[in-house]
Amino acid sequence: MIVLRMEPNRPPDRLEQAMPNTASRFLGGPPLSVFFRLVLLCVLVGVILSALGFDPGNIVDSIRRMVQTVWDMGFDAVRWAWRYFLLGAIIVIPIWLIIRFVRAPARR
């Protein structure tokens, strides 16, 4: 059976020093430090979203426009990638097949 004794004049041991208080444990660090990190992260994300065309006054329309732009760019990227895939496949697939046939084990 474990008995914990509270001694008012003894210094805290390492385990007690290592255990953060509830707020620090919930926030993931000292509250003031977490606050400043969150402020910096909010500013950074705000700059990135502003560069993408988001407007905090009309966020729904900004999201719709961004999705439409990404959708349009996405299909152009697929077409671009498909052309280069076909061009490379003209060379790569025949060479791969030749290597596979040459290295294939001979049947007895």
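Given the structure is predicted, the values throughout are model-derived calculations rather than measurements.

Student: Would you mind going over the overall build of the chain with me for this structure?
Tutor: A tally of helices and strands in the chain yields 4 helices and 0 strands. Scanning the chain from its N terminus toward the C terminus, one meets helices and strands in the order α-α-α-α. A total of about 10,700 Å² of accessible surface is found on the chain, and carbon and sulfur atoms cover 70% of it.

Student: How should helix α3 (residues 31-51) be read in this particular structure?
Tutor: Side chains three or four residues apart in an α-helix point the same way, a direct result of the helix having 3.6 residues per turn. If you check α3, its first and last C-alpha atoms are 30 Å apart, about what 21 residues at 1.5 Å a residue would give, namely 30 Å. Glycine 53, located one to two residues past α3, shows a positive phi value of around 100 degrees.

Student: How should I be thinking about the side chain of serine 24 in this particular structure?
Tutor: With respect to the helices, strands and loops of the structure, serine 24 is situated in helix α2 (residues 22-27). Taking the relative accessible area as the measure of exposure, serine 24 reaches 16% and is therefore buried. Excluding residues that lie within four positions of it along the chain, serine 24 makes contacts with Gly29, Pro30 and Pro31.

Student: How should I be thinking about a nonpolar patch on the surface in this particular structure?
Tutor: A contiguous nonpolar surface patch, about 1,300 Å² in accessible area, is contributed by Trp80, Tyr84, Leu87, Ile90, Ile91, Val92, Ile93, Ile95, Trp96, Leu97, Ile99 and Phe101. When you line up the elements, valine 92 lands in helix α4 (residues 59-103).

Student: I keep staring at the pattern of salt bridges and nothing clicks. Help me out?
Tutor: Any two side chains of opposite charge can pair, on the condition that their charged atoms come close. Summed over all chains, the structure comprises 3 salt bridges. Here aspartate 61 makes a salt bridge to arginine 65, at a shortest N to O gap of 3.8 Å. Here aspartate 61 pairs with arginine 65, and both are found in helix α4, just 4 residues apart, close to one helical turn. Where aspartate 76 meets arginine 79, a salt bridge forms, and the shortest distance between an N and an O atom there is 2.6 Å. With aspartate 76 and arginine 79 both in helix α4 and 3 residues apart, the pair spans about one turn of that helix. Given a relative accessible area of 45%, aspartate 76 falls into the partly exposed group.

Student: Whenever I open this one, the packing of aromatic side chains confuses me. Can you help?
Tutor: Two descriptors summarise a pair of aromatic rings, namely the distance from one centre to the other and the angle between the planes of the rings. Tallied over the full model, the rule gives 3 aromatic pairs. Ring plane angle 65 degrees and centroid distance 5.6 Å describe the contact between phenylalanine 35 and phenylalanine 36, whose orientation is recorded as edge-to-face.

Student: I would appreciate a short explanation of the confidence of the model for the chain in the present structure.
Tutor: Low pLDDT means the predicted atomic positions in that stretch should not be read closely. Of all residues in the chain, 79% attain a pLDDT of 70 or more, and the chain-wide mean is 77. The spread of mean pLDDT over the elements of the chain runs between helix α1 (residues 14-18), the lowest at 54, and α3, the highest at 87.

Student: Sorry if this is basic, but what is going on with the side chain of serine 62 here?
Tutor: Inspection of the secondary structure assignment puts serine 62 in helix α4. A relative accessible area of 2% places serine 62 in the buried class. In this structure the side chain of serine 62 is engaged in a polar contact, spanning 3.0 Å, whose partner is the backbone oxygen of asparagine 58. Contact partners of serine 62, with chain neighbours within four places excluded, come to Gly53, Phe54 and Asp55.

Student: Before we go on, may I ask you to explain the environment of arginine 79 in this structure?
Tutor: For arginine 79, a relative accessible area of 53% corresponds to the exposed category. A distance of 2.6 Å separates polar atoms of two side chains, one belonging to arginine 79 and the other to aspartate 76.

About the thresholds
- Residues numbered from 1 in each chain as written.
- Predicted model: local features only at pLDDT ≥ 70, side-chain atom pairs only at ≥ 80, totals over all residues.
- Heavy atoms only, no water.
- Helix = DSSP H or I, 4+ residues; strand = E, 2+ residues; numbered from the N terminus.
- Areas by Shrake-Rupley, 256 points an atom, 1.4 Å probe, with all protein chains shown as cover.
- Expected span 1.5 Å × (residues − 1).
- Buried < 20%, exposed > 50% of the residue type's maximum accessible area, 1.4 Å probe, protein only.
- Contact = heavy atoms within 4.5 Å.
- Patch = residues over 30% accessible without salt bridge, like charges linked within 9 Å, V, L, I, M, F, W, Y side chains within 5 Å.
- Salt bridge = Lys/Arg side-chain N within 4 Å of Asp/Glu carboxyl O.
- Phe/Tyr/Trp six-rings, centres within 6.5 Å; stacked < 30°, edge-to-face > 60°.
- pLDDT = per-residue confidence, 0-100.
- Polar contact = N/O pair within 3.5 Å; in protein donor to acceptor, adjacent residues only side chain to side chain.

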